[in-house]
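A look at the structure
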Amino acid sequence: MMATTFVSVPVKKSSEVDMAKPLSKFIQATYPSGDTQAEYIRAAEELNSLRKNALGRPLDKHDSSLEILLRYYDQLCSIEPKFPFSENQLCLTFTWKDAFDKGSLFGGSVKLALASLGYEKSCVLFNVGALASQIAAEQNLENDEGLKAAAKYYQLASGVFQHIKDTVLSALNREPTMDISPDTVGTLSLIMLAQAQEVFFLKAAADKMKDAIIAKLANQAADYYGDAFKQCQYKENLPKTNHPPLQYDPLDPWVQYFYFQEVLPVLAAKHCMMQANAEYHQSILAKQQKKFGEEIGRLQHASDSVKTVASRYDEYINVKDLSDKITRALTAAKKDNDFIYHDRVPDVKDLEPVGKATLVKSTPVSHPMSQKYTDLFAKMVPLAVQQSLSIYNQRRADLVNRLIGQMRESTNLANGVLASLNLPAAIEDVSGDSIPQSILEKSKVVAQQGGLQTVDQFMRDLPELLQRNREILDEALNILDQEEVSDNELKAKFKERWKRTLSSELYKPLRAEGANFRTTLDRAVQADKVVRERYATHREVIALLCKPEAELNAAIPSGNPTKSLQGSEVVMLLKTLLASLNEVKKERETFENDIKSVQFDMSSRFLAALAQDGAISEEAISVTELDRLYGDHTESVQQNLKKQEELLAKIQAAHEEFSKSTQSNTDANQREEMLKKLAAGHDQFVELVANLKEGTKFYNGFTEILLKFQTKCSDIVFARKTERDELLKDLQQSIAREPSAPNIPAAPAYQTAAFVGGTTPAVPTPAPRSVFPSKPEPPEHAETSSSGGCENQPKPQPPARPPPPSVGATLPAAALPAAPATGVPAPSASMPASVGGVGMLSQAQGPPYPSYQGYPGFYAMPMPMAYNQYAYGQYNMPYMYHPPGQPPFQTAQPPQQPQQPQQPGYPYPQQQFYQQ
C-alpha cells in the first residue's frame, strides 16, 4: 500500500493566568452577599481550574484532551457576555506564544500579550484545530473506524481554522501573531480540508468503489492540495527572491521555513500523487470503455506525476507501490495496443479533464462545541441585561424619588402654612396661660429624638465622612496618575517600540467617572452648608422645645383670648378642616410605603427581548413597564396633592374669619408669635434630622462606591504593570538580539596592504575575528580581492614571504603555535566551482586584533591540498592536511615567553598572555 504523510499543526503555549481572583472581585462588587454570590465565586474558581487543565499541561492526542479544550472554549463563550472584559474594567491579560517557532524570521512576534477575551478564545480555538489535526494523524487508516475518525477530525480542524480566519481581526483589533493571522489559518483550513478529502479517497479505494468515483475524489483532493500550495506561495511575508511567486522551488530552504518548515514539499508531493491516482483510476474507466489510446495517455500522465514525486519529494512521500502499479498497467496497455488495438495515443492536453466529487466540508463552529458542556454561570444574566437592569433601576429610582419628593414637599408646605396661622394652637389656647396640647406634643417629639444633642452629633460626623470619601477618591486617582507617568516615560524612551494603548487614553472613562464622583461630593458639601445655616437659624427655638414643660410654659407670653369663640361655628370648621388635612398627610405615608414596596423582576423581561431580537431596547421596555407598575400610584399621589391644596385654601379662609372675631391686644399677639415659632421649630427639627440622616446614609453608601472604584483602579493598574513587565522583557530580548553594528566598517588600508620586497609594515597584520579550523590552509600567495572573495590563480614563481612582525625581541616564527579555532564560519560568497570543486566561504573582516602567544591565531582561507605548492603557511607554520570535519593538527605549546613591551603606534593596548 502507498505510504502517505499528513500535516499536523503544533499547539500554542500560554502563560499561567489567575482568572479566579479578578472574577471574584467583580462578583463581590456587583452581586449582594449570599448564596448567589458564593455560587458565582465557586464557578470562577472552577473556571480557573478548567483553564489549568486545558492549557497548563501537555495534552495527549486523544478525544478526552480535545474535550477539555472544547469545554473551556464553551465556558469562554458563556462568560463573554456576562463579564465586562476590557482594559479599563475587568482587565485580564492573556499571553500566548506563536505556535511556529520560526515566526520571528518573517517579522512576526513570537509572543503576544493582550487584555482581550476574544484573543484567548481565538488561541484556544487554534489549539482545538491543532489537537484535532494531531489526533487525526494518529488514526489507523487500515480500518474503517480510523478512516472515519480521521475525516471527522480533519473537517473539524478545517472549520476551526476557517472560523479563526473570519473572526480574529475583529476579536483582537490589532495585528495578531503569525500563526493566527487570517492568511495562515486560511491556508491551514484548506490543508485540513484536502487531507479530509484524501481520507475519503482512501476509504473509497479500500471499499473498492467504482473507479469513476475514486478518480473524482482523488482529483478533488489534488485540487485542494494545489490551492493550498498556491496560497503558501503567495504569502506577502515570505522572504523576497528574484523569482515570481509561481516559480518558487518547494525545496528552496527559505521556503521550507514557511511557518512549519516542510509543509510546502508535502503539499506539492500530495498534489502530484493525487493527480496520478485520479489519472490511474480514470485510465481503468477508459479501458472498460475500450478507449485504449486514452488509457495509455492517462497512465503516461500518471507515470510522469509519480516520477516527479519520486525524484523531488521522495524524502517526504513514498510512492513506490503506486509507481510500480502504474508502470505495470502502462506496460501491459502498451503491449496490448501495439499488438492488438493500434489505437492512437492522445496528448495529455487533449485528454478530457477528470471530474471532481467533494465529500467533505469544514465543520462549522457553534456554541456549545462540547458534548459534556455545562454552563458554570447559568444563573448569571448577560452583561447587556445587567446594563439594562442598571439603567432601569435608575429610571425607577428617579420616578420613586420624584413621587415621594412631591408628597414630602406638600407636607412641608402644609406644616408651614399651619405654623404661620398658629394652627391648631390658636383654637386650643383656652385660658391663655397653659401650653396648647399641639405644642406639648411637638416638644415631646423633639425630646424623644434627642433634641440638640442628636443634631450636633450628626453635624460633627458629616465632615469626617466627607473627608474619608475625598481621601479614597484622591488615592484612586493618584494610582492612575503614577501609572500614567510611568507609561509616558516608557513611551518617550522606546517610542514606536512601545506598542500598547496609552494610559492617558485607556483611563479616560475612569477619570470621567472620578470627575463625576468629585462633582457629587461638591454638591453634597453645598447641601451640608444649607443644613448648617437652617440649623443656626432655628437652634434657639429647638432648644426651647427640649426644656421641661414648666420652663417652656414660662417662656410663652400670657394672653387672654376670647373664650366665647371656643364653641363657635368658625372654630368647629377649622377643627374639621385640620382633621381632614391630617388624614391627607397620613394617607401620604401609606402611599410612600406602597411605592417603595413595588417589586418586579425585569431580568426575565430583558432576557426575553435579547433572545427574541438579539438586542435590548431598554428605554422602550422600561418606560412601558414603569407606567404599568407605577401608573396607579402616580394618579393617587396627584389626587392627594390636589385635595390638600383645596383644604389649605379653606383653612386660610376660615382662619381669616377667626382672626376677625378675636380681641386684638399686645400680649395675645406676642403669645401667638411665640407659638408660631415653636411650631415652626418643631417642623425644622424634624426636617433637619431627616436631612442629616440622609446625608450620613449618603456618605456611607458613597464610601462603598468609592472603594469599588479604588479597587477597579488598583486592578487595572496591576494588570497594566503586569503587561508592562511582559512587554519590557520582550523588548529587552529583542534589543539584545539586534546586531550592534549591522555594517562592519571597511578595514584600514595599512591592514590590507601587501608586503613588498620583504619589508615589514609599520604595524603587524591583524588576525580577523572568524577562524575556520575545519579546512586546510590556503597557499601563502593567495591574495584577498577587493570584493571580499578569494582569487587563486597559480603563478610561475611565488612572491617572497615577508618576515614575521617584530614586537620587541624577535621570536622565531616557527615557535609560534597555531591555536585551534573555535568559530563557526558565516555564510558568504562562494569560490568558483573550478577550484577544488567546492565553493569556499570568505571570512568577515573585523577590527584589528593583535596576535599573541595563547591568543587564537589567524587561519587563512582553506584551500585544496592539490594547489598547496609550499609547505609553509602565512606564519611559517608547517601545513598539515587533515580530513574535512576533523580538528586541525595542533602543535605543542612552547614555553611561555617573557612579556614583550608594547609596540609603538599600535592602536590597542597589549593584552595579558594566557596559556591555552
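The structure presented is a predicted model; accordingly, all values stated were derived computationally and were not measured.

Rules used throughout
Residues numbered from 1 in each chain as written. Predicted model: local features only at pLDDT ≥ 70, side-chain atom pairs only at ≥ 80, totals over all residues. Heavy atoms only, no water. Helix = DSSP H or I, 4+ residues; strand = E, 2+ residues; numbered from the N terminus. Buried < 20%, exposed > 50% of the residue type's maximum accessible area, 1.4 Å probe, protein only. Contact = heavy atoms within 4.5 Å. Areas by Shrake-Rupley, 256 points an atom, 1.4 Å probe, with all protein chains shown as cover. Salt bridge = Lys/Arg side-chain N within 4 Å of Asp/Glu carboxyl O. Phe/Tyr/Trp six-rings, centres within 6.5 Å; stacked < 30°, edge-to-face > 60°. Expected span 1.5 Å × (residues − 1). Axes fitted to C-alpha atoms, helices over the stretch in contact; angles between N-to-C directions. Left-handed = near helix turned anticlockwise from the far one by under 90°. Nonpolar A, V, L, I, M, F, W, Y, C, P; charged D, E, K, R; others polar. Core = buried A, V, L, I, M, F, W, Y, C linked by side-chain atoms within 4.5 Å. Patch = residues over 30% accessible without salt bridge, like charges linked within 9 Å, V, L, I, M, F, W, Y side chains within 5 Å. Parallel < 35°, antiparallel > 145°, perpendicular 65-115°, else oblique. pLDDT = per-residue confidence, 0-100.

Overview of the overall build of the protein
Looking only at helices and strands, the protein has 23 helices and four strands in total. The buried share of the protein, reckoned over its 916 residues, is 44%. Looking at the protein alone, contacts between residues at least 24 apart form 81% of all its contacts between residues at least 6 apart. Carbon and sulfur atoms make up 52% of the accessible area of the protein, which amounts to about 48,300 Å² in all.

Side note on the pattern of salt bridges
When the charged atoms of two side chains with opposite charge come close together, those side chains can pair. According to the stated counting rule, one finds 29 salt bridges in the structure shown. Note that Glu 39 and Lys 379 form a salt bridge whose closest N and O atoms lie 3.5 Å from each other. Highlighted residues: Glu 39 in helix H2 (residues 35-55) and Lys 379 in the loop between helix H11 (320-341) and helix H12 (383-420), separated in sequence by 340 residues. Note that Asp 324 is salt-bridged to Lys 320, the shortest N-O span being 3.1 Å. Residue Asp 324 and its partner Lys 320 are located together in helix H11, separated by four residues, close to a single helical turn. Via salt bridges that share partners, Arg 408, Glu 592, Lys 596 and Glu 694 belong to a single interconnected network.

Considering the packing of aromatic side chains
For the structure shown, the criterion picks out 13 aromatic pairs. Centroid distance Phe 83 to Phe 377: 5.4 Å. Interplanar angle 85°. Geometry classified as edge-to-face. One end of the pair, Phe 83, is in the loop between helix H3 (63-79) and strand S1 (94-97); the other, Phe 377, is in the loop between H11 and H12, with 294 residues separating them in the sequence. Across the pair, Phe 377 and Phe 83 agree in class, each one buried.

Things to note about unusual backbone geometry
With an omega of 0°, the peptide bond between His 367 and Pro 368 qualifies as cis. One can find Pro 368 in the loop between H11 and H12. One non-glycine residue with positive phi stands out, namely His 342, at about 55°. Locating His 342 in the fold gives a position in the loop between H11 and H12.

What about helix H20 (residues 602-613)?
Since there are 3.6 residues in each turn of an α-helix, residues three or four apart along the chain are aligned in direction. With 12 residues, H20 should cover 16 Å at 1.5 Å per step; its first-to-last C-alpha distance of 16 Å lies within 8% of that length. In the stretch just after H20, Gly 614 is the one whose phi turns positive, near 80°.

Quick look at the packing of helix H9 (residues 263-288) against H11
In the contact formed by H9 and H11, the axes pass within 11 Å of each other and the chain directions differ by 30°. H9 and H11 meet at a crossing whose hand is left-handed. Contact with H9, carried on its side by Met 273, Ala 276, Asn 277 and Tyr 280, involves Leu 322, Lys 325, Ile 326 and Ala 329 of H11 and no other residues of that element. Considering only residue class, the contact of H9 with H11 consists of six nonpolar, one polar and one charged.

Section: the nonpolar core
Membership of the largest hydrophobic core comes to 117 residues, with the highest contact counts inside it found for Met 19, Phe 83, Phe 126 and Phe 377. For this core, the leading source of residues is helix H5 (residues 144-172), giving 13 residues. Listed in part, the 46 residues of the second largest apolar core include Ile 556, Leu 675, Leu 688 and Val 689.

So, a nonpolar patch on the surface
Where nonpolar side chains cluster on the molecular surface, the patch consists of Phe 339, Ile 340 and Tyr 341 and spans about 360 Å² of accessible area. Note on placement: Ile 340 falls in helix H11. Judged by relative accessible area, which is 51%, Ile 340 ranks as exposed.

Let's talk about the environment of Val 485
Looking at where Val 485 falls in the secondary structure, it is placed in helix H15 (residues 451-494). Taking the C-alpha atoms as reference points, Val 485 and Ser 504, 19 residues apart in sequence, are found 9.3 Å from one another.

With respect to the packing of H15 against helix H17 (residues 508-545)
In a packed pair of helices, the relevant descriptors are the angle between the two axes and the axis-to-axis distance. The N-to-C vectors of H15 and H17 enclose an angle of 165°; their axes lie 11 Å apart at closest approach. Classified by the angle their axes make, H15 and H17 are roughly antiparallel. Relative to H17, H15 is oriented so that their crossing is left-handed. Partitioned by chemical class, the residues of the contact of H15 with H17 number 17 nonpolar, two polar and 11 charged.

A look at the confidence of the model for the protein
With 73% of its residues at a pLDDT of 70 or more, the protein has an overall mean of 76. Looking over the protein, one finds the lowest element-wise mean pLDDT in helix H8 (residues 253-256), namely 32, and the highest in helix H4 (residues 117-137), namely 94. Confidence drops under a pLDDT of 50 for residues 236-260, and excluding neighbours within four residues, the segment shows 51 contacts in the predicted structure. pLDDT under 50 marks residues 754-796. Its contacts with residues more than four places away, or in other chains, come to 99 contacts.

Describing H9
Relative to the 38 Å expected for 26 residues at 1.5 Å per residue, H9 spans 38 Å between its end C-alpha atoms, a close match to the ideal helical length. Positive phi appears at Lys 290, one or two residues downstream of H9, with a value of about 60°.

With respect to the environment of Lys 677
Secondary-structure assignment places Lys 677 in helix H22 (residues 666-737). Accessibility expressed as a relative area gives 49% for Lys 677, which makes it partly exposed.

So, the side chain of Lys 111
Turning to its location among the elements, Lys 111 is positioned in strand S2 (residues 111-114). Looking at Lys 111, the relative accessible area reads 15%, which means it is buried. Sequence-distant contacts of Lys 111, that is, excluding residues within four places in its chain, are made with Thr 95, Trp 96, Lys 97, Glu 726 and Asp 730.

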